[in-house]
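Per-entry structural report
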Amino acid sequence: MPTSLAKRLDVVQPSVTLAMNARAAEKRAAGVDVYAFGVGEPDFEPPAFVFEAARKAMETKPGVSKYTAVTGIPALKQAICARTAEMRGWTPKPAQVTVAVGAKHALFNLAIALYEPGDEVVIPAPYWVSYPEQVKICGATPVFVETSVEDGFKMKPEAFAKALTPKTKAVILCTPSNPTGSAYNREELQAIVDVWKTKSDSWLIVDEIYADLVYDGFKHVSAATLAPDAMDRMVIIDGVSKTYAMTGWRIGWSIAPERLAKAMDTVQGQSTTNATAIAQHAAIAAITGPQDEVVKMRDAFAKRRDVMVAELNSIRGVKCRTPEGAFYAFADCRSLYGIPYKGKPIANDEDVAFWMLDEANVAAVPGGAFGAPGYIRFSYATNEERIRGGIASIKAAVERSKK
Ligand SMILES: Cc1ncc(COP(=O)(O)O)c(C=O)c1O
């Protein structure tokens, strides 16, 4: 039918979080104080000098009202390369960098440039929701590798090796991870990279968007430093959204071998052209300016993590591992199954999430959305008082439930 919608969307999951957010918004509109543990963005503001740089860019002529180069302003690409050298321990060339409208868009450019029907893309579960959906939009097939809390939600090399086939087009790793906060240490990552290098000729895509948010002295290791001989098929994804609390500015990037970077330039050149000029100037300031605000944010997140994890573990039967990074606590909430809710016993993580929202005014994301039924993701991008208040509210709801 000429007026039908594209079939490629039939396989894409509508987001459960949207339904949750809609319910949370209704409650807020009715004057209820909802604890927002569902959010995927820092509650901080970027450093003041970021705004200053944006203002200055607006006043400078020719200002920010013209297109930039598709792949980004040269000064930003250079700053990204210098930052990658300093913070991640390896030095890409500016020609490898494509500045996109956020890291999600960088991943989408990559998906269009790489995935075709018949391709398999290996993704460890729990995973960030957009990875499999982008694969499916392109008609390719996500292949999940299950991980367990006992293994810190990290892939075992043997399980990973089993998932690789001649059809594997790419592997997507996220470290530190959304939703679990888990991060691979050097040995663990080396083992995974070695399996990939020797057992597969696919691409390795590593999402390092949370790499600056790691705690207790944990050292983030970039996969790019572990396979210098395989850099012709590795892609690193990064951006300013999480590190500098700049989600709304929409600046992220890919660092890829030049052949792939050129393909992505073609994709982006036919879709968004460049990322917004003013945001690129702001990103240059964020990356090249003093980093003390980042350290402050990280220290605050570390404290909040400890509070969130301890509080979650104090809810009857709930179990939560201490994550190495990001700003999410991923808790096993199966002990709450059976609590009566709307005339039926709670039977899955989605029920738990809606029950928490209705009975405790807590918004958080059910694990099924991330390929981990039974779990709930609690974001601690909110202050300690709110964390304590929200968990106390859940505990009170559990006590009331008379399960
Ligand atoms: C793992 C991961 N990658 C990428 C992104 C996208 O970041 P951006 O805001 O730069 O598009 C997110 C945002 O939630 C994320 O959690």
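In short, a report on the structure. Counting of residues starts from 1 at the beginning of each chain's written sequence and follows it residue by residue. At least 70 in pLDDT is required for a residue's local features to be given in this predicted model, at least 80 for side-chain atom pairs to be given and counted, and no such filter applies to totals for whole chains, interfaces and linings, which use all residues. Computation of side-chain values covers all heavy atoms of the structure but excludes hydrogens and water.

Another point: the overall build of the protein. For the protein, the helix and strand inventory stands at twelve helices and 15 strands. Principal axes of the C-alpha set define a box for the protein whose edges measure 65 × 55 × 55 Å. When each of the 403 residues of the protein is scored for burial, the buried share is 54%. Residue contacts are counted whenever heavy atoms from the two residues lie within 4.5 Å of one another. Taking the contacts inside the protein whose residues are at least 6 apart along the sequence as the reference set, 73% of them involve residues at least 24 apart. Here the accessible surface of atoms and residues is derived via Shrake-Rupley with a 1.4 Å probe, and residues count as covered only by protein chains that are part of the display. Of the roughly 17,300 Å² of accessible surface on the protein, a fraction of 55% belongs to carbon and sulfur atoms. Only four residue types enter the charge count, namely Lys and Arg as positive and Asp and Glu as negative; His and the chain termini do not. For the purpose of locating charges, the reference atoms are NZ of Lys, CZ of Arg, CG of Asp and CD of Glu. Measuring between centres, the 47 positive side-chain charges of the protein sit 2 Å from its 45 negative side-chain charges. To qualify as a helix, a DSSP run of H or I must reach at least 4 residues; to qualify as a strand, a run of E must reach at least 2; elements of each kind are numbered from the N terminus. The rule is simple: take the accessible area with a 1.4 Å probe, protein chains only, and divide by the maximum for that residue type; under 20% is buried, over 50% is exposed, in between is partly exposed.

With that out of the way, let us pick up the site of the ligand. Around the ligand, the surrounding shell holds 13 residues, and the nearest of these are A103, N178, D207, S241 and K242. N or O atoms within 3.5 Å of each other form a polar contact, as long as, within protein, one can give a hydrogen and the other can take it, and as long as residues adjacent in sequence are counted only when both atoms are side-chain atoms. In the model, a nitrogen atom of the ligand is placed 2.6 Å from a nitrogen or oxygen of the D207 side chain. Protein contact buries 93% of the 390 Å² of open area that the ligand shows by itself. One heavy atom suffices: a residue is near a molecule or strand as soon as one of its heavy atoms comes within 4 Å of it.

Within the secondary structure, K27 sits in helix α1 (residues 16–29). The buried charged residue K27 lacks any salt bridge partner; its closest oppositely charged side chain belongs to D358, at an N-O distance of 4.3 Å. Among the polar contacts made by the side chain of K27, one reaches the main-chain carbonyl oxygen of D358 at a distance of 3.3 Å. Here N361 takes part through its side chain, which lies 2.7 Å from a polar atom of the side chain of K27. Leaving out residues up to four positions away in the same chain, K27 has contacts with V32, V34, L357, D358 and N361. By definition, a salt bridge exists where a carboxyl oxygen of Asp or Glu is found within 4 Å of a side-chain nitrogen of Lys or Arg.

This part covers the nonpolar core. Among the buried residues, those of types Ala, Val, Leu, Ile, Met, Phe, Trp, Tyr and Cys that are joined through side-chain atoms within 4.5 Å form a nonpolar core. Formed by 74 residues in total, the largest nonpolar core has its most connected members in Y115, I205, L312, W355, F378 and I394. Ranked by residue count, the leading element in this core is helix α11 (residues 349–360), at seven residues. Residues in contact with F378, not counting those within four places in the same chain, are F37, M308, L312, F327, Y328, A329, A331, C333, M356, V362, A364 and I394. One finds V122, F160, V240 and I287 within the second-largest nonpolar core, a separate group that totals 49 residues.

Throughout, disulfides are identified as pairs of cysteine sulfur atoms within 2.5 Å of each other. Considering all chains together, one arrives at zero disulfides under this definition. We note that C174 lacks a disulfide partner, and the nearest cysteine sulfur, in C320, lies 17 Å from it. Unpaired in this structure, C320 has its nearest cysteine sulfur neighbour in C333, at a distance of 8.4 Å.

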